[in-house]
Amino acid sequence: MKDIYTPKSDNERLFYSHPRWRRGKAVALAIVALMALILGLTGCKSDDKIDELPSAASSFINEYWPLRNVSKCVHTDDDTWVATIEAGPVITFDSAGSWISIDGQGGTLPQVLVYDQLPSKLYEYLEATEQTTQVYATSRTPRTYTLQLFDTYLYYTIATGTISGNPEN
């Protein structure tokens, strides 16, 4: 390995020719090369998996988890899509790309998602009980919404607007 720096005195020449200095430079270059390799492998977002989903599902994921990759995408026999987001939730979509269920996998769901995707009466209830940041999972059917909170479930009936469950327990 050729030195870029040319020593000006005998003391500098002696210092820079020492084996520890040369070994240190080699180690430093190896560390820099390894960091560049790691950044090169993880620095770009792979959209291969997200492209398999219906466009509405892809848009939903990009809106609420814009900096995360879809690590797994499965099209099931009952014509639903299951997308797993890296270090994030597992989301089930119907054939049109509308979400059916979102499981935070131990983490809470983004508060903006809770605000945007739940009926206003249900969100207002969560807000009044100070639980908007404690939603770990949600699912919906044409008739109901189900929320998993820290230690209980809430059920919301769309037709009547009733909320059942006891979040204080």
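This text follows the structure it describes.
As the structure is a computational prediction, the values presented were derived from the model and not from experiment.

**Section: the sheet that holds strand β5 (residues 137–140)**
So, point 1. Here 8 strands make up an open sheet; going across it, the order is β1-β2-β3-β4-β5-β6-β7-β8 and the pairing antiparallel. Of all the strands in the sheet, the pair left with one neighbour each is β1 (70–75) and β8 (162–164). Each strand axis lies, on average, 15° off the axis of its neighbour in the sheet, ignoring direction.
So, point 2. Looking at chain direction, strand β4 (residues 99–103) and β5 are connected through 3 bridges and run antiparallel. Within β5, the position partnered with Ile102 by the bridge is Thr138.
So, point 3. Contacting β1, β2 (81–85), β3 (90–93) and β4, helix α3 (residues 55–64) runs over the sheet at an angle of about 150° to β3.

**What to know about α3**
So, point 1. When we look at burial in α3, the residues that qualify are Ala57, Ser58, Phe60, Ile61 and Tyr64. The buried residues of α3 all sit within an arc of 160° when viewed along its axis, so they share a single face. Away from its buried face, by an angle of more than 90 degrees, α3 presents the exposed residues Ser55 and Glu63.
So, point 2. Close packing links the buried residues of α3 with β1, β2, β3, β4 and α4 (111–117).

**Details of the packing of aromatic side chains**
So, point 1. Applying the stated rule across the entire model yields 9 aromatic pairs.
So, point 2. Centroid distance Tyr115 to Tyr123: 5.0 Å. Interplanar angle 85°. Geometry classified as edge-to-face.
So, point 3. Under the relative-accessibility criterion, Tyr115 is labelled exposed at 52%.
So, point 4. When the centroid spacing of 6.4 Å and the interplanar angle of 15° are considered together, the rings of Tyr153 and Tyr155 count as stacked.
So, point 5. Through a chain of ring-to-ring contacts, three or more aromatic side chains come together here, namely Phe60, Tyr64, Trp65 and Phe93.

**Observations concerning the environment of Asp94**
So, point 1. Mapped onto the fold, Asp94 is located in the loop between β3 and β4.
So, point 2. C-alpha separation for the pair Asp94 and Val82, spaced 12 residues apart in sequence, amounts to 9.0 Å.
So, point 3. Among residues more than four places away in sequence, those in contact with Asp94 are Asp79, Thr80, Trp81 and Ile100.
So, point 4. Polar contacts involving the side chain of Asp94 include one to the main-chain amide nitrogen of Ser98, which spans 2.8 Å.

**Regarding the nonpolar core**
So, point 1. Counting 29 residues, the largest nonpolar core has Phe60, Ile61, Ile91 and Phe93 as its most contacted members.
So, point 2. Broken down by element, this core gets its largest block of residues, 4 residues, from α3.
So, point 3. Setting aside residues no more than four positions away along its own chain, Ile61 makes contact with Ile50, Leu53, Pro66, Val70, Ala83, Ile85, Ile91 and Phe93.

**What to know about the side chain of Thr138**
So, point 1. Counting through the fold element by element, Thr138 comes out in strand β5.
So, point 2. The class of Thr138 is buried, set by a relative accessible area of 6%.
So, point 3. Only 3.2 Å separates the side chain of Thr138 from the backbone oxygen of Thr146, close enough to count as a polar contact.
So, point 4. What Thr138 contacts, discounting residues up to four positions off in sequence, is Trp99, Ile100, Ser101, Ile102, Leu109, Leu118, Thr146 and Leu147.

How each quantity is defined
- Here the residue numbering is sequential within each chain, running from 1 through the sequence in written order.
- Given that the model is predicted, a residue must reach a pLDDT of at least 70 before its local features are reported, and side-chain atom pairs must reach 80 or more before they are shown or counted; all residues, however, enter totals for whole chains, interfaces and linings.
- Excluded from the side-chain calculations are hydrogens and water; all other atoms, namely the structure's heavy atoms, are used.
- Strands pair, by our definition, only if DSSP identifies at least two bridges between them.
- A run of H or I in DSSP counts as a helix once it spans at least four residues, and a run of E counts as a strand once it spans at least two, with each numbered from the N terminus.
- Each axis is a line fitted through C-alpha atoms, and for a helix only the stretch in contact is used; angles between axes span 0 to 180 degrees, taken between their N-to-C directions.
- Contact definition: two residues touch when any of their heavy atoms are within 4.5 Å.
- For the exposure calls, accessible area comes from a 1.4 Å probe over protein chains only, and a residue counts as buried if that area is under 20% of its type's maximum, exposed if over 50%, partly exposed in between.
- Each C-beta atom gives one direction from the helix axis, and the arc is the one those directions make.
- Stacked, tilted and edge-to-face are the three classes applied to pairs of Phe, Tyr and Trp rings, where Trp contributes its six-membered ring and a pair requires centres within 6.5 Å; stacked means planes under 30 degrees apart, edge-to-face means over 60, and tilted covers the rest.
- Pairs of N or O atoms are called polar contacts if they sit within 3.5 Å, as long as, within protein, a hydrogen donor faces a hydrogen acceptor (for residues adjacent in sequence, only side-chain-to-side-chain pairs).
- Side-chain atoms within 4.5 Å link the members of a nonpolar core, which is a set of buried Ala, Val, Leu, Ile, Met, Phe, Trp, Tyr and Cys residues.

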